[in-house]
2 protein chains.
Amino acid sequence: MDCIFCKIVAGQIPSDVLYTDDKVVAFRDISPMAPVHLLIIPQHHIASLTDLTEAQMSLVGHMAYVANQLAKQQGISEKGYRVVINCGRQGGQVVQHLHMHLLGGRELSGMLG
Amino acid sequence: MDCIFCKIVAGQIPSDVLYTDDKVVAFRDISPMAPVHLLIIPQHHIASLTDLTEAQMSLVGHMAYVANQLAKQQGISEKGYRVVINCGRQGGQVVQHLHMHLLGGRELSGMLG
């Protein structure tokens, strides 16, 4: 198991975990692009968005729910925020374990990639 | 009803619709930032991600499912793509009707905002 995010889930690599439940873990990105930059990942290893079956898509809904809750907790819910899932090489996915970025805390660029 | 996306759903404003079902409509962004730049929106007016209740979050999962299907249809599934939901002013949300961006067709910037 060489997946760095699986190691974070397992507590084998320290990270700044802000939320955990039976499905997901959320922690601060170690290279933040904004004052608030969190990652929400499934506990179970899934490589990428494209690998999710239709039946598994409720997981993405749950990740978005957690993003909303964390936006409130981080005080960025009213001013605004962005959620992003990169998928594959051209999408800019760096770690091959599905993750949703939550960014906010400043005015984000209108450029989406 | 002054929402431009509701007017697209209702067929009152022409758009390049690529997909429709009972929950969502997908069409090309009129100001594309990438060779493929689609928007996936709920048929029903919901202003923003932050307005979704936990019970409504399956809608986001369905939007992600449709994004995956459209990525395949558009030939960007293997090379990679990005999905983005902007929420609120600092998040860069321009139209106040929930929408998911699907971007691909070139190497996207690693900058997420």
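My aim in this report is to walk through the structure given alongside it, one point at a time. Predicted model only: the values in this text are computed from it and were never measured.

1. Considering the overall build of chain A
Secondary structure summary: chain A contains two helices and five strands in total. The linear arrangement of helices and strands in chain A, starting from the amino end, is α-β-β-β-α-β-β. A compact globule built from 113 residues would reach a C-alpha radius of gyration of about 13 Å, and chain A, at 13 Å, matches this within 12%. In terms of its C-alpha atoms, chain A occupies a principal-axis envelope of roughly 35 × 30 × 25 Å. Counting across all 113 residues of chain A, residues that qualify as buried make up 54%. A separation of at least 24 residues holds for 57% of the contacts in chain A among residues at least 6 apart in sequence.

2. Structural notes on the environment of A:Gly88
Examined against the element boundaries, A:Gly88 turns out to sit in the loop between β4 (81–87) and β5 (100–104). The spacing of A:Gly88 and A:Ala71 is 17 residues in sequence and 26 Å in space, taken between C-alpha atoms.

3. Concerning helix α2 (residues 58–73) of chain A
All names here are of chain A. Between its first and last C-alpha atoms α2 spans 23 Å; for 16 residues at 1.5 Å apiece the expected length is 22 Å, and the two agree. Counted residue by residue, α2 has 12 buried out of 16 residues, so it is predominantly covered. By the burial criterion, the buried members of α2 are Leu 59, Val 60, Gly 61, His 62, Met 63, Ala 64, Tyr 65, Val 66, Ala 67, Asn 68, Leu 70 and Ala 71. A positive backbone phi angle near 75° is found at Gly 75, which sits one or two residues after α2.

4. Observations concerning the interface of chain A and chain B
Accessible area lost on assembly of the parts is the figure often given for the size of an interface. Listed per partner, the contact involves 37 residues of chain A and 37 residues of chain B. Each partner contributes to the roughly 3,600 Å² buried at the junction of chain A and chain B, and carbon and sulfur atoms together form 54% of this total. Considering only the side of chain A, the residues that lose the most area to chain B are A:Gln90, A:Leu112 and A:Gly113, jointly responsible for 21% of the buried surface there. On the surface where chain A and chain B come into contact, there are two salt bridges. For B:Arg89, the salt bridge is made with A:Glu107, and the minimal N-O distance between the two is 3.0 Å. If you look at where chain A meets chain B, you find 28 residue pairs in polar contact (both at pLDDT 80 or more). Counting only elements with at least two residues in the side of chain A that touches chain B, the list comes to α2, β4 and β5 of chain A.

5. Some words on the side chain of A:Ser48
By secondary structure assignment, the location of A:Ser48 is in the loop between β3 (36–42) and α2. Ignoring any residue separated from it by four or fewer positions in sequence, one finds A:Ser48 in contact with A:Cys87, A:Gly88, A:Gln93 and A:Leu98.

6. Here's the deal with the nonpolar core
By size, the foremost hydrophobic cluster in this structure holds 52 residues, and its most contacted members are A:Ile40, A:Leu49, B:Ile40 and B:Leu49. Leave out the neighbours within four places in its chain, and A:Ile40 touches A:Val24, A:Val25, A:Ala26, A:Met63, A:Val66, A:Ala67, A:Leu70, A:Leu98, A:His99, A:Met100 and A:Leu102. Listed in part, the 10 residues of the second largest apolar core include A:Ala34, A:Leu108, B:Val84 and B:Leu112.

7. Quick look at the sheet that holds strand β2 (residues 24–28) of chain B
Read across the open sheet, the 10 strands follow the order β1(A)-β2(A)-β3(A)-β5(A)-β4(A)-β4(B)-β5(B)-β3(B)-β2(B)-β1(B); overall the sheet is antiparallel. Edge positions in the sheet fall to β1 (17–20) of chain A together with β1 (17–20) of chain B, since each has one partner strand and no second. Geometrically, the sheet is characterised by an average inter-axis angle of 20° between neighbouring strands, direction not taken into account. One ladder, built from three bridges, connects β1(B) with β2(B); its direction is antiparallel. Considered in β2(B), the bridge of B:Thr20 is made with B:Val25. Strands β1, β2 (24–28), β3, β4 and β5 of chain A of the sheet are contacted by α2(A), whose axis makes an angle of about 150° with β3(A). The strands touched by helix α2 (residues 58–73) of chain B are β1, β2, β3 (36–42), β4 (81–87) and β5 (100–104) of chain B; relative to β3(B), the strand with the most contacts, the crossing angle is about 150°.

8. A word on the relation of the copies chain A and chain B
Placing chain A over chain B gives an RMSD of 0.0 Å and needs a rotation angle of 180°, together with 0.0 Å of translation along the axis. The relationship between the two copies is best expressed as a two-fold rotation axis. Here 100% of the contact residues of chain A are again contact residues in chain B; the copies associate through an equivalent surface.

9. Notes on the environment of B:Asp2
Within the secondary structure, B:Asp2 is located in the segment before α1 (4–9). Taking C-alpha positions, B:Asp2 is 26 Å from B:Ala64, a pair spaced 62 residues apart along the chain.

Conventions adopted
Residues numbered from 1 in each chain as written. Chains lettered and ligands numbered in written order. Predicted model: local features only at pLDDT ≥ 70, side-chain atom pairs only at ≥ 80, totals over all residues. Heavy atoms only, no water. Helix = DSSP H or I, 4+ residues; strand = E, 2+ residues; numbered from the N terminus. Rg over C-alpha atoms; globule rule 2.2 N^0.38 Å. Buried < 20%, exposed > 50% of the residue type's maximum accessible area, 1.4 Å probe, protein only. Contact = heavy atoms within 4.5 Å. Expected span 1.5 Å × (residues − 1). Buried area = accessible area lost by both parts, 1.4 Å probe. Salt bridge = Lys/Arg side-chain N within 4 Å of Asp/Glu carboxyl O. Polar contact = N/O pair within 3.5 Å; in protein donor to acceptor, adjacent residues only side chain to side chain. Core = buried A, V, L, I, M, F, W, Y, C linked by side-chain atoms within 4.5 Å. Pairing = 2+ DSSP bridges. Axes fitted to C-alpha atoms, helices over the stretch in contact; angles between N-to-C directions. Least-squares fit on C-alpha atoms with pLDDT ≥ 70 in both.

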